[in-house]
Amino acid sequence: MKRICETVYFHLNEDGVKRERTINLGLIKYHSTMFDNGEKDRSLRVGSITIEYAPGIFEILSRGKIKIMIRI
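Parameters and conventions
Residues numbered from 1 in each chain as written. Predicted model: local features only at pLDDT ≥ 70, side-chain atom pairs only at ≥ 80, totals over all residues. Heavy atoms only, no water. Pairing = 2+ DSSP bridges. Helix = DSSP H or I, 4+ residues; strand = E, 2+ residues; numbered from the N terminus. Axes fitted to C-alpha atoms, helices over the stretch in contact; angles between N-to-C directions. Buried < 20%, exposed > 50% of the residue type's maximum accessible area, 1.4 Å probe, protein only. Contact = heavy atoms within 4.5 Å. Polar contact = N/O pair within 3.5 Å; in protein donor to acceptor, adjacent residues only side chain to side chain.

Caption draft 1: Highlighting the sheet that holds strand S5 (residues 49–54). The strand order S1-S2-S3-S4-S5-S6-S7 describes an open sheet built from seven strands, whose pairing is antiparallel. At either margin of the open sheet sits one strand with a lone partner, and together these are strand S1 (5–9) and strand S7 (65–71). Adjacent strand axes in the sheet meet at a mean angle of 10°, parallel and antiparallel pairs treated alike. Pairing of S1 with strand S2 (residues 17–25), which is carried by five bridges, proceeds in the antiparallel orientation. Of the residues in S2, the one forming a bridge with glutamate 6 is threonine 22.

Caption draft 2: View of the side chain of threonine 50. Secondary-structure assignment places threonine 50 in strand S5. With a relative accessible area of 13%, threonine 50 lands in the buried category. For threonine 50, the contacting residues outside a window of four places in its chain are Ser43, Leu44, Arg45, Glu59, Ile60 and Leu61.

Caption draft 3: The arrangement of the side chain of threonine 33 in detail. Here threonine 33 is to be found in strand S3 (residues 28–35). Among the polar contacts listed, one links the side chain of threonine 33 to the side chain of histidine 31, at a separation of 3.3 Å.

Have a look at this one:
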């Protein structure tokens, strides 16, 4: 049976990444990265559309190209 959720914990590296979590439900994929300062980057992909959220920025991409970017 294929794993749906995978969480990987890191010793702090040069990027300050503490944890990465990926949830894969076929065409729907969720990815979250947590940094040592508590901030998180998140992305949700449905087919060729990706929605990314990081502190201060919200993006909607289609096939890897930015279509909408909102700075918060």
